[in-house]
Every structure is written in structure tokens, then in C-alpha cells.
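Understanding the architecture of this molecule
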Amino acid sequence: MEKQTEIRVDRYLAFPGREPAQRDVNLAPGHGGISAVPSKSADNGLLAMRPPINAHDHGYGIRTLDFGLQDNALEPWIAGLRNRPATDPYLEALVAFGRLMLNGCGATMHCHNSLRLDCLADEVSGVLRAARDCGIRLALSCPMLDEAPWTYDGADALRRFVPVGLWPEFEARRPQYAPVADQIAVVTDIVRNHASEHVDIQLGPIGPQWCSDELLEAIAEASGRLGCRIHMHLLESPRQRQWLDKRFPDGVVRHLDRIGFLSSRLAVAHGVQLRPDECDLLAERGVIVVSNPSANLRLRSGIAPIGQFRKSGLDFAIGLDGTGFSDDQDIWQEMRLFGLLHGGNEIDPAITAADIYDAVSVSAAEVLGREMDDDLVVIDYRALAEDCLRDDIDEAGLILARMTGRHVRDLHIAGRQVVADGKITRFDFAEARQELVRQARASAKSSASEYQFADRLAAAVGNFYR
């Protein structure tokens with residue numbers, strides 16, 4: 001059932017936003033591309049195109065709302081992540097990847113969440129096995145940090161916002177980070193042992209506010225030495241902007257450039273608070289910014305200056321960041337939101353359909369360090385256009401306006417059919433999800449004290465930033 005050499009569709013949208021769909025074709029995915037040959041009408045109401053790529057995510061099989069973490073300002077929200085229940089990393093990733101595939105994503109940039117260096121290699125192995133088992137294309141960034149627990153000013157800055165008598169509880173849970181050399185050594189081994197033509201392993205400094213200069217410089221050196229990419233959060237919230245401006249008076253982006261961190265091997269997520277001069281410098285160095293519109297709104301970080309990105313020539317991709325507008329990892333709705341937020345108010349749109357499709361294909365593929373020219377998503381175009389009175393409506397525009405994950409019928413990745421008739425072919429998604437939820441509920445029952453501490457930590461962090 002996995003192998004498919006020919007796919008017959010009524011429409012093939014090879015260049016969304018630039019050309020209308022080709023009609024009545026047989027498609028044959030193969031190494032290096034897709035051949036499209038005219039055929040007799042299939043009359044099946046199907047449209048095929050290259051699947052969107054999720055360029056920034058965290059692989060949440062159990063989503064944040066599932067364990068009670070409500071949307072909030074970024075900093076107290078991060079504190080609430082302590083409530084994440086312990087589950088099998090393999091199963092967590094399998095469910096997260098399956099959810100993306102059911103929504104038509106052919107590939108994802110997975111920013112791993114574990115901060116325990118002693119467990120990282122084993123957890124990465126589980127995530128990579130999940131990607132192999134489900135068939136999704138994957139890039140994985142290994143998390144690295146060594147500064148600023150709880151607040152950007154460090155843990156001690158939080159003390160006066162903690163109720164009297166509770167600080168010993170906080171002190172006992174103060175994060176401890178491995179030395180820079182140890183982090184570089186572990187991640188170097190992961191890169192050498194797991195990077196392949198199917199998986200891109202990347203260095204993942206969490207963000208400059210959480211990394212010392214020593215760590216950032218070591219990562220830049222390792223990236224050049226190993227030839228691997230870097231994926232990092234950058235200037236997501238207003239509070240990050242304020243704190244980083246105090247630490248680096250001429251701007252954190254210029255500082256990163258001085259230490260040799262900026263290069264075409266770097267992608268940064270969010271960039272909501274970037275200034276025009278910083279956009280110019282990132283563009284000059286060949287950096288790609290991954291925008292996450294839903295996450296930025298849900299965590300009250302703001303709206304990224306995409307208009308300035310375009311003016312500066314700064315390349316951008318789109319990522320779900322583990323959320324999505326309806327908390328369902330629907331990349332099509334994320335594309336829609338992106339277009340609506342940045343379309344402008346002039347006669348001509350500031351962002352075109354072609355720009356959006358390029359962001360989730362060409363630019364996103366660069367973020368993942370992978371070519372994906374032989375992948376296809378097949379959608380139920382007949383259902384999408386059910387009430388349309390004309391047959392010549394622009395398909396790319398209609399997809400951006402109406403498409404959701406429920407219209408995905410089939411997904412073909414690297415010549416294998418991994419979704420057929422709306423169901424994953426390589427594992428039982430419902431069974432995996434049920435087992436993951438069972439594990440999470442069992443873990444939650446034994447974590448009452450941690451839940452209480454996470455709530456206290458989030459409250460203290462919120463008061464600190466107020």
C-alpha cells in the first residue's frame with residue numbers, strides 16, 4: 001500500500017499563485033521531481049500539489065491545552081510548561097507527526113524540548129524512529145542553553161516575588177545546566193551518529209537570552225566545523241527585546257554577527273521584535289526567519305514585521321510552533337492567517353499567494369536542509385469547491401481561503417503513500433494517541449506537587465515582569 005508509481009488527478013497545481021492548475025494528468029513522483037503526463041479525465045474531483053512544510057515546531061503529541069496550560073504571555077506560559085506530563089518520547093513524536101501528516105504536512109522542523117543532556121541522545125533516537133515509522137521528512141534541532149532560568153535576569157531576581165517561606169522550594173528546583181564543552185560534545189556525537197540523507201540534525205540554542213556568549217560562540221564554531229545548520233528562537237516577545245537591548249546596547253543581532261553566529265546556515269523563529277536595520281543585516285547574511293503567526297498571537301508576542309522582511313529582502317518561512325490557530329496543527333489555516341495578517345490595506349496585496357506558497361515550500365525546505373521535490377498532497381477539491389458556480393476559479397486562492405486539514409485525502413512522501421483516504425497507512429494513529437493520553441494521565445496523577453510548583457512559578461514570573 002505504501003508504494004505508488006502513478007497518481008491520476010483532475011488538477012495538478014505545480015506553481016501555486018503563479019499558474020492555474022494543469023487539468024487531467026497522471027503524476028509519477030520520482031527521485032528529483034514529479035513527472036506530469038496528460039491523460040483522460042479522471043473525474044475524481046482531486047487536486048494534487050506539493051505538501052506544505054512546517055518550518056518550526058516542538059512535536060507536542062500532548063498539546064499544552066491538554067494538560068491545562070492556557071494561552072498566556074510568553075514568559076509565564078513557559079513557566080507552565082513544567083506541567084507537561086512525562087511520556088515516551090517515541091510515542092509523543094509519533095502522535096505529533098501523525099497529526100501533522102493528517103493535515104497534509106510532508107515535513108517538519110522538530111525543535112526537541114528536553115533539557116536533560118544525559119537523556120538527549122536516547123530521546124533523539126526515539127524521535128528519529130518515530131519519523132521513520134510514520135514516514136514524515138524530518139529535521140531535528142538539539143536544545144542547548146546555559147543561562148537565565150525562570151527570568152532573563154536569572155533565578156535570584158524572582159525571589160522577592162515568591163511568598164515568604166516558599167523560596168527554599170524554588171531553590172531546590174533551580175535549573176542546573178551542563179558545561180558548554182559537555183553540551184557541544186553530546187550534540188556533536190548526535191550529529192555524527194544520526195545525520196543522514198533522510199534526517200538533518202541541527203544545533204538548537206534556545207535563544208540568545210538563555211545562552212552565554214561562550215555557548216553561542218561554541219555553537220557557531222561547531223556549525224562551521226560539522227557543516228550543520230542552526231535553528232534558534234530570536235526576539236519573540238517585547239520583554240526579550242527590552243532585556244536584550246540592555247545587555248547589547250547596539251542590538252543583539254549585531255552582537256551575533258560580531259561573534260560569527262550569523263550565516264546562511266542559520267534559521268531563526270519568530271523575529272516579532274526585529275528592527276529594520278536588523279532585518280537588513282539578517283538578509284545580508286542569508287538568514288531565514290520562520291514566522292509563527294498563531295503562536296505569536298496566542299502568547300501575546302505581537303505580529304512579525306513581514307513587510308519589513310520583504311523590504312529588506314529577508315527570506316521567511318512559516319511554522320506552527322506546536323499550536324495552530326485552532327490548536328489543531330492545521331498548516332492550511334496558518335497559511336490563511338499569515339496572508340490575512342500581512343496582506344496590507346492597499347489595492348494590491350502586500351503578500352501574494354505565491355509568496356505564501358513559497359514560504360511553506362522553497363524557504364521551508366531550506367530551513368530543514370532537505371529537498372522534497374517528489375512529495376505530493378492530494379486534496380478533495382470537489383468538496384472544497386462544492387458550491388462554486390464557475391470552474392475557472394483560481395485554485396491557489398480558493399485553497400488559501402477555504403482549505404483545512406479535513407480536505408486532505410492522500411499524502412505521498414518520498415514515493416510512499418503515508419496517508420490514504422484520510423488515514424495514516426503505516427501505524428494506527430487512534431491507537432497511538434489513546435496510549436499516549438493514557439501515559440500522560442498516569443503521569444499527571446503522580447505529579448501533583450510539581451503542578452502546584454509550576455503554578456507558583458508562573459505566578460511569580462508574571463508578577464516579576466509586571
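Here we summarise the structure given alongside this text.

About the criteria used
- The numbers attached to residues start from 1 for each chain and follow its sequence in the written order.
- In keeping with the predicted nature of the model, local features appear solely for residues at pLDDT of at least 70, side-chain atom pairs appear and are counted solely at 80 or more, and the whole-chain, interface and lining totals rest on all residues.
- Calculated side-chain values reflect all of the structure's heavy atoms, with hydrogen atoms and water omitted.
- Strands are runs of DSSP state E lasting at least two residues, helices are runs of H or I lasting at least four, and both sets are numbered from the N terminus onward.
- With C-alpha atoms as the basis for the radius of gyration, the globule rule is written as 2.2 Å multiplied by the number of residues raised to the power 0.38.
- Exposure categories follow from relative accessible area, calculated using a 1.4 Å probe and restricted to protein chains: below 20% of the type maximum is buried, above 50% is exposed, and the middle band is partly exposed.
- Reported accessibility uses the Shrake-Rupley method at a 1.4 Å probe radius. Residues are deemed covered only where the shown protein chains occlude them.
- Here the expected length of a helix is defined as 1.5 Å per residue gap, with one fewer gap than residues.
- For helices, the axis comes from a line fit to the C-alpha atoms of the stretch in contact; other axes are also lines fit to C-alpha atoms, and the angle between any two N-to-C directions lies between 0 and 180 degrees.
- Note on angle classes: values under 35 degrees are labelled roughly parallel, values over 145 roughly antiparallel, values of 65 to 115 roughly perpendicular, and the remainder oblique.
- Contact criterion: two residues are considered in contact whenever any of their non-hydrogen atoms come within 4.5 Å of each other.
- Side-chain classes follow a simple rule in which Ala, Val, Leu, Ile, Met, Phe, Trp, Tyr, Cys and Pro form the nonpolar group, Asp, Glu, Lys and Arg form the charged group, and the remainder, Gly included, forms the polar group.
- A pair of strands counts as paired when DSSP detects no fewer than two bridges linking them.
- For crossovers, right-handed means that the path from the first strand over the helix to the second runs clockwise, given strands pointing away from the viewer.
- Pairing of aromatic rings covers Phe, Tyr and Trp, the last counted by its six-membered ring, and requires centre-to-centre distances within 6.5 Å; plane angles under 30 degrees mean stacked, over 60 mean edge-to-face, and any other angle means tilted.
- Between N or O atoms, a polar contact is any pair within 3.5 Å; within protein, one atom must be a potential hydrogen donor and the other a potential acceptor, and residues adjacent in sequence are included only when both atoms are from side chains.
- Note on definitions: salt bridges are taken to be side-chain nitrogens of Lys or Arg within 4 Å of carboxyl oxygens of Asp or Glu.
- Crossing chirality is assigned from the near helix's rotation relative to the far helix, an anticlockwise turn below a right angle marking it left-handed and a clockwise turn marking it right-handed.

Tallying secondary structure elements over the protein chain gives 17 helices and 16 strands in all. Relative to its length of 466 residues, the protein chain is compact, with a C-alpha radius of gyration of 22 Å against a globular reference of 23 Å. Principal-axis analysis of the C-alpha atoms places the extent of the protein chain at approximately 75 × 50 × 45 Å. Residues counted as buried form 58% of the 466 residues belonging to the protein chain. Of the roughly 19,500 Å² of accessible surface on the protein chain, 49% is carried by carbon and sulfur atoms.

Now for helix 3 (residues 117–134). Taking 1.5 Å of rise per residue, 18 residues should cover 26 Å, and helix 3 covers 26 Å from first to last C-alpha, within 8% of that figure. Along helix 3, the residues that are buried comprise L120, E123, V124, G126, V127, L128, A130, A131 and C134. Immediately beyond the C-terminal end of helix 3, within one or two residues, lies G135, with a positive phi of roughly 100 degrees.

Turning next to the packing of helix 13 (residues 353–368) against helix 15 (residues 395–402). Two numbers describe how helix 13 lies on helix 15: the axes approach to 10 Å, and their chain directions differ by 70 degrees. If you check the angle between helix 13 and helix 15, you find them roughly perpendicular. Taken together, the residues of helix 15 that come into contact with helix 13 (itself represented by A353, I356 and Y357) are A396, I399 and L400. Split into classes, the residues belonging to the contact of helix 13 with helix 15 amount to 6 nonpolar, no polar and no charged.

Adjacent strands of a sheet pair through backbone hydrogen bonds, lying either parallel or antiparallel. Spatially, the 8 strands line up as an open sheet ordered 3-2-1-4-13-14-15-16, and their pairing is mixed. Of all the strands in the sheet, the pair left with one neighbour each is strand 3 (33–38) and strand 16 (423–424). The sheet strands contacting helix 15 are strand 1 (7–13), strand 2 (22–30), strand 4 (46–49) and strand 13 (376–380), and the helix crosses strand 1 at an angle near 90 degrees.

Let's shift gears to helix 9 (residues 276–285). Buried within helix 9 are the following residues: E278, C279, L281, L282 and A283. Taken together, the buried residues of helix 9 touch helix 7 (238–247), helix 8 (252–258), strand 11 (288–291) and helix 11 (306–312). Two residues or fewer past helix 9, G286 is found with a positive phi of approximately 80 degrees.

Buried residues dominate strand 7 (residues 137–144), accounting for 8 of its 8 residues. Side-chain alternation along strand 7 places R137, A139, S141 and P143 on one buried face and L138, L140, C142 and M144 on a second face that is also buried. In this structure, strand 6 (residues 107–111) lies alongside strand 7, joined through 5 bridges in parallel fashion. Opposite H110, over in strand 7, you have L140 as the bridge partner. Each parallel crossover has a hand, and for strand 6 linked through helix 3 to strand 7 it is right-handed. Inspection of the sheet shows strand 7 paired to strand 8 (residues 199–205) by 7 bridges, in the parallel sense. Bridge pairing in strand 8 places P143 opposite G204.

Within the structure shown, the criterion is met by 12 aromatic pairs. Relative to F170, the ring of W150 lies with its centre 5.8 Å away and its plane at 85 degrees, an arrangement referred to as edge-to-face. Of this pair, W150 sits in the loop between strand 7 and helix 4 (167–172) while F170 sits in helix 4, placing them 20 residues apart in sequence. A relative accessible area of 15% means that W150 is categorised as buried. Exposure remark for F170: the relative accessible area of 0% places this residue in the buried category.

Looking now at the environment of S363. Topologically, S363 is positioned in helix 13. Considered as a pair, S363 and V187 are 176 residues apart in the sequence and their alpha carbons are 25 Å apart. Polar contacts involving the side chain of S363 include one to the main-chain carbonyl oxygen of F316, which spans 3.4 Å.

This part takes up the environment of V253. Mapped onto the fold, V253 is located in helix 8. Apart from residues lying up to four places away in sequence, V253 is in contact with L234, L235, L262, L274, E278, L281 and L282.

Let us look at the pattern of salt bridges. Enumeration over the complete set of coordinates arrives at 37 salt bridges. Between D391 and R23 there is a salt bridge; the shortest N-O distance is 3.0 Å. Taken together, the positions of D391 in the loop between helix 14 (381–384) and helix 15 and R23 in strand 2 put the pair 368 residues apart, joining distant regions of the chain. Look at the salt bridges and you will find they share partners, linking R241, D245, R254, R275, D277 and E278 into a network.

With that settled, consider the environment of Q329. Locating Q329 in the fold gives a position in the loop between strand 12 (315–318) and helix 12 (331–342). Here the alpha-carbon distance between Q329 and R173, two residues 156 residues apart in the chain, equals 32 Å. Ignoring anything within four residues of it in the chain, the contact list for Q329 reads N54, D57, R99, L100, N103, L320, G322, T323 and G324. Here the side chain of Q329 touches D57 through a polar contact of 3.0 Å, side chain to side chain.

The next thing to look at is the side chain of D355. Relative to the helices and strands, D355 resides in helix 13. A distance of 2.9 Å separates a polar side-chain atom of D355 from the backbone nitrogen of T352. Beyond its immediate stretch of four places on either side in the chain, D355 contacts R310, F316 and A350.

So, about the packing of helix 5 (residues 180–194) against helix 6 (residues 213–226). Angle between the axes and distance between the axes: these two values describe a pair of packed helices. Running from N to C, helix 5 and helix 6 point in directions that differ by 25 degrees, and their axes come no closer than 10 Å. Judged by the inter-axis angle, helix 5 sits roughly parallel to helix 6. Here helix 5 runs over helix 6; the crossing is right-handed. Contact residues: helix 5 offers V180, Q183, I184, T188, V191 and R192, while helix 6 offers E214, L215, A218, I219, R225 and L226. For the contact of helix 5 with helix 6, a count of residues per class yields 7 nonpolar, 2 polar and 3 charged.

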